[in-house]
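# Chain and residue survey
Single-letter residue listing:
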Amino acid sequence: MSLKNTLEIDIVSITSSKIDSVDFENIAFGNIFTDYMLICDFKEGNWQKPLIKPYEPFMIDPSAKVFHYGQAIFEGMKAYKDENDDVWLFRPDENFHRFNKSAVRMAMPEVPEAIFIDGLKTIIDLERNWVKKGLGNTLYIRPFMIAIGSGVIAQPSTQYRFMIILSPAKSYYSGEVKVIVADHYSRAANGGIGAAKAAGNYSAQFYPTKLANDKGYQQIIWTDDATHTKLEEAGTMNVFFRINDTLYTAPTSERILDGVTRKSLIDLAIREGLHVEVRSVLVDELVNAAKDGSLKEIFGAGTAAVVSPISAFAYQDVEYTLPKIEDSFALQLKDKLTKIQYKLADDTFGWTVKV
């Protein structure tokens, strides 16, 4: 399927592109940005006309509510280029709907589909040379919205800015990933904003993740806030556990993000005849499975990393190493998903959208 552009968007052209100065073979994730950015402001109760202009800093009032009360949400998406030089998006409708769910939860205005989807199509079409061919090469897409209304009174802003910026990317994680299972810190709580892609969710993780890093672990598997007995997410990713030949992942909730990669892997696993159970996995269950050898795999799933196998986990200062499996579920599913994204396999689900 193709996206149809129905929105009028003003475009301020660049004088020259910086693309020739970029070493695409040696890119750190999220550090290099393309020539253009999209801006669309909400004020006086209405969304204004979108503008695509050269990527640059912008002025904002020091009293803007994003700084003081944290009204900020975002999405993570990718564009892919196939062997015919066509550019494709992966399930952009899912990101659009989730973005607006986050907006509602954070008392922010919903972004119209025409602005989000047509704006996305237009800027990616302008930047298609930044999408490189080959497995592992992508254009990371960061739509976000911040509160730009001024004043330090504790109430929602009346002005907001929606933006899209783009960053060429390769693999997010490299090497083996080891994690600590949380027994004190929590990512989110019932009634909170864990199911929203709100900026504060991520900043709250930085300190406990630093403590894990200091012990030689890259990430944390978060547990529920009330009892710390239920396994929920891994770092900034959803998480899967393979015990014997069954694949488990926690159900989405107020605490757990409804990941696009997560739901895609579940559908792929079911199509391939794998046994999948969506239910809470207990910490004791994981530890016992590690001890008796029935725990075969743990892997994270998210847009940036796609699938990130976990080699070991620690719980209460005891480390458990996972077996090395050549034909793992993680690698099987990653291979099948990425082949769909790069148009190297038939998309029987209708997930890919041509720009």
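A separate point is the nonpolar core. Counting 56 residues, the largest nonpolar core has Phe116, Ile124, Ile141, Met145 and Phe162 as its most contacted members. Taken together, the elements giving at least two residues each to this core come down to strand 2 (36-43), strand 5 (72-74), strand 6 (77-81), strand 7 (87-90), helix 2 (92-105), helix 3 (113-126), strand 8 (138-147) and strand 9 (160-169). The residues touching Met145, leaving out its near neighbours within four places in the chain, are Trp47, Gln71, Ala72, Ile73, Phe99, Ala103, Met108, Pro109, Val111, Tyr160, Arg161 and Phe162.

Each regular strand shows side chains that alternate between the opposite faces of the sheet. Extensive coverage of strand 12 (residues 230-234) is indicated by the burial of 4 of its 5 residues. Here 2 bridges tie strand 11 (residues 219-223) to strand 12, and the two strands are oriented antiparallel to one another. Within the sheet, the bridge partner assigned to Thr223 lies in strand 12 and is Leu231. Where strand 11 hands over to strand 12, the hairpin turn is made up of 6 residues, of which His228 adopts a positive phi near 55 degrees. Where strand 12 and strand 16 (residues 281-282) come together, 2 bridges link them in antiparallel fashion. Within strand 16, the residue paired with Leu231 across the bridge is Val281. Where strand 12 lies against strand 13 (residues 237-243), 2 bridges are found, and the strand directions are antiparallel. Considered in strand 13, the bridge of Glu233 is made with Asn238.

Among the surface-exposed residues, Tyr185, Tyr207 and Leu211 lie close enough to one another that they form a single nonpolar patch of about 280 Å² accessible area. Turning to its location among the elements, Tyr207 is positioned in helix 4 (residues 199-214).

Right, let's talk about the layout of surface pockets for a bit. By volume, the largest pocket amounts to about 850 Å³. In terms of lining, the largest pocket is formed by 40 residues, of which the most central are Phe74, Tyr140, Arg142, Tyr202 and Thr236. Examining the composition of the lining of the largest pocket, we find that 6 residues originate from one element, helix 4, more than from any other. The residue inventory of the lining of the largest pocket, partitioned by class, reads 21 nonpolar, 14 polar and 5 charged.

Turning our attention to the environment of Gly30. Tracing the sequence through the fold places Gly30 in the loop between strand 1 (10-11) and strand 2. Residue classification places Gly30 among the partly exposed positions, given a relative accessible area of 28%. Linking Gly30 and Ile141, residues 111 residues apart in sequence, is a C-alpha distance of 9.7 Å.

What counts, and at which threshold
Residues numbered from 1 in each chain as written. Predicted model: local features only at pLDDT ≥ 70, side-chain atom pairs only at ≥ 80, totals over all residues. Heavy atoms only, no water. Core = buried A, V, L, I, M, F, W, Y, C linked by side-chain atoms within 4.5 Å. Buried < 20%, exposed > 50% of the residue type's maximum accessible area, 1.4 Å probe, protein only. Helix = DSSP H or I, 4+ residues; strand = E, 2+ residues; numbered from the N terminus. Contact = heavy atoms within 4.5 Å. Pairing = 2+ DSSP bridges. Patch = residues over 30% accessible without salt bridge, like charges linked within 9 Å, V, L, I, M, F, W, Y side chains within 5 Å. Areas by Shrake-Rupley, 256 points an atom, 1.4 Å probe, with all protein chains shown as cover. Salt bridge = Lys/Arg side-chain N within 4 Å of Asp/Glu carboxyl O. 1 Å grid on protein atoms, 1.4 Å probe; cavity = no way out; pocket = protein on both sides within 12 Å on 5 of 7 lines; lining within 4 Å. Points joined across faces, edges and corners; volume = space filled by probe spheres on them. Nonpolar A, V, L, I, M, F, W, Y, C, P; charged D, E, K, R; others polar.

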